[in-house]
Structure formats: C-alpha cells, structure tokens
Amino acid sequence: MAIEPHLREQVRQRANFACEFCGISETDTGAELTIDHFRPSSKGGDDSLDNLLYSCIRCNQYKLDYWPDHPDEPTLWNPRLEPASAHFVELDDGTLHPLTETGIFTLHRLRLNRPPLVEHRLQKRREQEKQRLLEHYRALTQLFEQLLAQQASLVEEQHELLTEQRELLRRLLQE
C-alpha cells in the first residue's frame, strides 16, 4: 500500500529531511529518502504518522522488517519516541557508543558505525566548529569596531581639550 503524498511530506518535514536513525540528509544523498514503518506492516504496523519514519536506504535495508516476536527479544530504538542521547553517545573519533541494550542492538542491526557515517559525523562536527569560530570572529569584530568608535571619540575629545588648553595658554601669555 502506497503512502499518501501529504502524509509522506509530513514525515519528511517532521524529520527535517534527514534519516531519523543516522542523520544523513536528502542534501547529503542528493535525493529523497524512504518512508519506513517502525513496526513493519507485515508485523501489524499501520500507516499512521506515529508509525512512519524517514529513513535512508541503508538504515531501511538493515532494519528490514525486524520486530520482536517475544518480549525477551531486543527492541530497536524508536527515534520518534526517544532522543538518540538516551541510547548512544558520540565519541571523539565519530563512532557511536551504546548506553543501553536497545542502543547495542540498534547500533549493530543498523550498522550505525559504518565508515561513511563516522566520517559524516566528523565532518558535521568540523562544520559546527567552523560555524562556532565564525560566530566568535563576528563577535570579536563587533567589539573591535566598538573599540575603534570609542577610540575615535576619545581622540576627538583629546583634540578639543588640547584646543582649549592652547587657547588658555595663549590668553595667559598675552596677560
């Protein structure tokens, strides 16, 4: 059954046009991603907005139609219900480290430490650092401009004082 176009667009926008599992965006891939059923249709999932995720092709392929058949089987992380930080922490080298059993299972099932994703995370981090430094540079430039304006004002004030002093000296010398 095909997902209605308006529903598809809602899912895309809600996900900010990026895979809800790994974060790869449409811009990164150069194309729209896929709509995935968190609980697969074959396992009783429906086409409700709450059950639909925006997913890259790789995450969708690795997830397949997984759904636990028994309560003791592992569950996948649902990005619609919990933030990634509840299950993973990103290490300095760009890899994800699981914090929970759900995190361990999801990390392995979706292969969230595949090399292109690790590089993508590192690139995102570098871009964020560039942006932070640029904002810092802009703030410093504004402060420098304010200091220059204050300096110009002080120079003008000093010039006026020197003019007054010169006038006073001239009057004193005339007396």
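Keep in mind it's a predicted model, so treat the numbers as computed, not measured. Throughout, a residue's number is its position along its own chain's written sequence, starting from 1. Totals for whole chains, interfaces and linings use every residue, but because this is a predicted model, local features are given only for residues with pLDDT of at least 70 and side-chain atom pairs only at 80 or more, for both listing and counting. Side-chain figures throughout are based on the complete set of non-hydrogen atoms in the structure, without hydrogens or water.

### Examining the nonpolar core
Buried residues of nine kinds, namely Ala, Val, Leu, Ile, Met, Phe, Trp, Tyr and Cys, make up a nonpolar core once their side-chain atoms join them within 4.5 Å. The buried label applies to any residue whose accessible area, calculated with a 1.4 Å probe on protein chains only, is under 20% of its type's maximum; exposed applies above 50%, and partly exposed to all values in between. Core analysis: the biggest nonpolar cluster contains 25 residues, and Cys19, Phe21, Cys22, Cys59 and Leu112 have the highest contact counts within it. Helix and strand definitions follow DSSP, with helices as H or I runs of at least four residues and strands as E runs of at least two, each counted in order from the N terminus. Of all the elements in the fold, those that place two or more residues in this core are helix 1 (5-14), strand 2 (52-55) and helix 4 (101-109). No other element matches the three residues that strand 2 contributes to this core. Two residues form a contact once any of their heavy atoms are found within 4.5 Å. Beyond its immediate stretch of four places on either side in the chain, Cys59 contacts Cys19, Phe21, Cys22, Leu110, Leu112 and Arg114.

### As for a negative patch on the surface
For patches, a residue must show more than 30% relative accessible area and have no salt bridge; joins then use 9 Å for like charges and 5 Å for nonpolar side chains, namely Val, Leu, Ile, Met, Phe, Trp and Tyr. Each accessible area is a Shrake-Rupley estimate made with a 1.4 Å probe; only the visible protein chains count as cover when residues are assessed. Salt bridges are defined by distance alone: a side-chain nitrogen of Lys or Arg within 4 Å of a carboxyl oxygen of Asp or Glu. When charges are counted, Lys and Arg are positive and Asp and Glu negative, with His and the chain ends excluded. To locate a charge, take NZ of a lysine, CZ of an arginine, CG of an aspartate or CD of a glutamate. Negative charge collects at one region of the surface, where Glu156, Glu157, Glu160 and Glu164 lie side by side. Along the chain, Glu160 turns up in helix 5 (residues 115-174). Looking at Glu160, the relative accessible area reads 42%, which means it is partly exposed.

### A few points about helix 4
For helix 4, the complete set of buried residues consists of Thr102, Gly103, Phe105, Thr106 and Leu107. Elements that come into contact with the buried residues of helix 4 comprise strand 3 (88-90) and strand 4 (96-98). At the C-terminal side of helix 4, Arg111 shows a positive phi close to 55 degrees.

### Quick word on the side chain of Arg121
You can see Arg121 is positioned in helix 5. Buried Arg121, no salt bridge; nearest opposite-charge side chain is Glu90, N-O distance 4.8 Å. Every residue in contact with Arg121, bar those within four places of it in the chain, is listed here: Glu90, Gly94, Thr95, Leu96, Leu112 and Asn113.

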